[in-house]
Each structure stands twice: as C-alpha cells, then as structure tokens.
Amino acid sequence: GKRISITSGATGEPVARRRVVANRASGKTGRAVASGCYVAGADVVMIHDGPDLAYATTERVETAAEMVDAVQTHGPGTDALIAAEASADYTVEPSSEKIRSGVEQTLSLTPTPKLVDTVRETHPDLHIVGFKAETNGEDTALIAHARALRERVGMDFVVANDAGVMGDEETRALIVRDQAVHEFTGAKDELGALIAEELATELA
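Overview of the structure. (Residues numbered from 1 in each chain as written. Predicted model: local features only at pLDDT ≥ 70, side-chain atom pairs only at ≥ 80, totals over all residues. Heavy atoms only, no water.)

**A short note on the environment of I4**
(1) Moving on: The residue I4 is located in strand 1 (residues 3-7) in this model.
(2) Moving on: Sequence separation between I4 and H74 is 70 residues; the distance between their C-alpha atoms is 9.7 Å.
(3) Moving on: Contact partners of I4, with chain neighbours within four places excluded, come to C37, A42, D43, V44, V45, A80, I82, L199 and L203. (Helix = DSSP H or I, 4+ residues; strand = E, 2+ residues; numbered from the N terminus. Contact = heavy atoms within 4.5 Å.)

Written out as structure tokens, the structure is:
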C-alpha cells in the first residue's frame with residue numbers, strides 16, 4: 001500500500017545529436033528492487049532509461065537533470081525513494097552541429113545535480129534508500145563511504161557494493177546503517193526482495 005519511487009540505470013548526457021557521455025550501468029539491480037517492492041505490495045514508480053514495466057508506472061528519462069525532475073514530479077504522495085541509479089556525474093553543452101569523426105575534440109564537463117541531495121532539500125521527511133558503488137574493493141572503505149552518504153543525506157540505509165558487479169546477475173552487497181552492516185551474496189532478484197523487506201521495516 002505504500003508508494004515507492006525507484007531510480008535505476010544510467011543516464012546519457014548529449015554531446016551532439018547522436019553522441020552521449022554515459023556509463024555502463026545496466027539497471028538490473030534497480031529493476032530487481034522494483035520487482036521486489038511490487039511483490040511486497042507497493043505501488044511502484046520506476047524512473048529510468050529502460051522499457052516500460054508491466055507492474056509499475058514507468059517514467060522514461062535520458063539525462064541526470066530529467067531524472068531529478070521526474071523524481072520531484074512524483075514526489076507528492078511518495079512514501080520512499082530508492083535511489084538505485086548510476087547517473088552520469090558530468091554533463092556537457094551539446095553541439096548544435098554534427099561532430100565529425102577523426103577530429104580531436106575537447107569537452108568541458110560540468111557536474112550534474114546530485115539527485116539525493118536535491119530531493120532531500122525539497123522533501124526533508126522522505127524515506128530514502130541510497131546506493132554506493134566503489135572500485136577499490138575494500139569493505140572498510142566501502143562502509144565508510146556508505147555511512148558518510150547516509151549521514152549527509154539522512155537516509156534510512158545505504159546499499160554498498162563494488163562497481164565491478166554492474167551488469168552481472170549475481171552480486172555482493174552490504175546494507176549499511178549507522179552501526180549495523182548486513183552482508184548479502186546472491187542473485188540480484190533476491191537482493192531486490194531483501195531491500196523491499198528492509199524498507200518495509202523502516203516504513204512500519
């Protein structure tokens with residue numbers, strides 16, 4: 001009976017009409033979380049760069065700014081946000097003309113808006129679950145970064161993992177709270193169900 005907004009996948013920041021700056025996020029984890037929340041009885045809003053989902057209200061976005069705007073649009077009446085996206089950290093001013101191949105180019109990168117910070121400013125009481133991916137493979141550092149994110153934004157908990165699992169069916173993740181850390185290893189579908197269960201506890 002709760003309304004849950006979920007952000008998932010990558011964003012593409014246009015460089016020109018047919019070229020973008022993006023990342024390799026597949027959106028598999030976000031879709032698994034959306035499915036887990038739906039099975040648990042939630043009214044799911046899926047905000048991502050992928051296809052329509054039969055079990056969710058789907059809002060398709062391309063850029064990081066569009067994703068932020070979509071979350072804000074669906075904010076009223078939303079009980080929680082699960083920010084599982086890996087949107088681009090930088091955007092560029094797109095060229096109005098075709099960029100010819102084989103010619104050296106210099107791109108001026110501008111930071112994209114931080115989705116969770118923007119949402120927290122406008123929705124101070126919203127339950128938020130965050131995701132934190134790192135590349136160094138050290139649990140101690142991963143937990144420290146996750147806790148810093150949780151404290152900065154005021155999140156219920158953070159799901160932390162190594163960026164190397166992007167696109168895989170299996171994953172290893174740490175569910176990080178203020179003191180407790182719960183380790184999960186298994187299929188992403190199972191992780192999605194666990195996150196839904198953990199969020200249900202917070203909402204209760």
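**Points about the layout of surface pockets**
Empty space among the atoms becomes visible once a probe the size of a water molecule is rolled across them.
(1) Moving on: Looking at the largest pocket, its volume works out to about 920 Å³.
(2) Moving on: What lines the largest pocket is a set of 40 residues, among which E85, A86, S87, F131 and A133 lie closest to the centre.
(3) Moving on: Elements represented by at least two residues in the lining of the largest pocket include exactly helix 1 (28-39), helix 3 (115-122), strand 9 (127-134), helix 4 (139-153) and strand 10 (157-162). (1 Å grid on protein atoms, 1.4 Å probe; cavity = no way out; pocket = protein on both sides within 12 Å on 5 of 7 lines; lining within 4 Å. Points joined across faces, edges and corners; volume = space filled by probe spheres on them.)

**A closer look at the packing of aromatic side chains**
Here a ring pair, both rings aromatic, is described through the centre-centre distance and the interplanar angle of the planes.
(1) Moving on: Evaluated as defined, the whole model comprises one aromatic pair.
(2) Moving on: Taking the centre distance of 5.4 Å and the plane angle of 35 degrees together, the rings of Y38 and Y55 count as tilted. In this pair, Y38 is assigned in helix 1 and Y55 in the loop between strand 4 (43-48) and strand 5 (57-60), connecting sequence segments 17 residues apart. (Phe/Tyr/Trp six-rings, centres within 6.5 Å; stacked < 30°, edge-to-face > 60°.)

Note that all results are geometric; they support no functional claim without further evidence.
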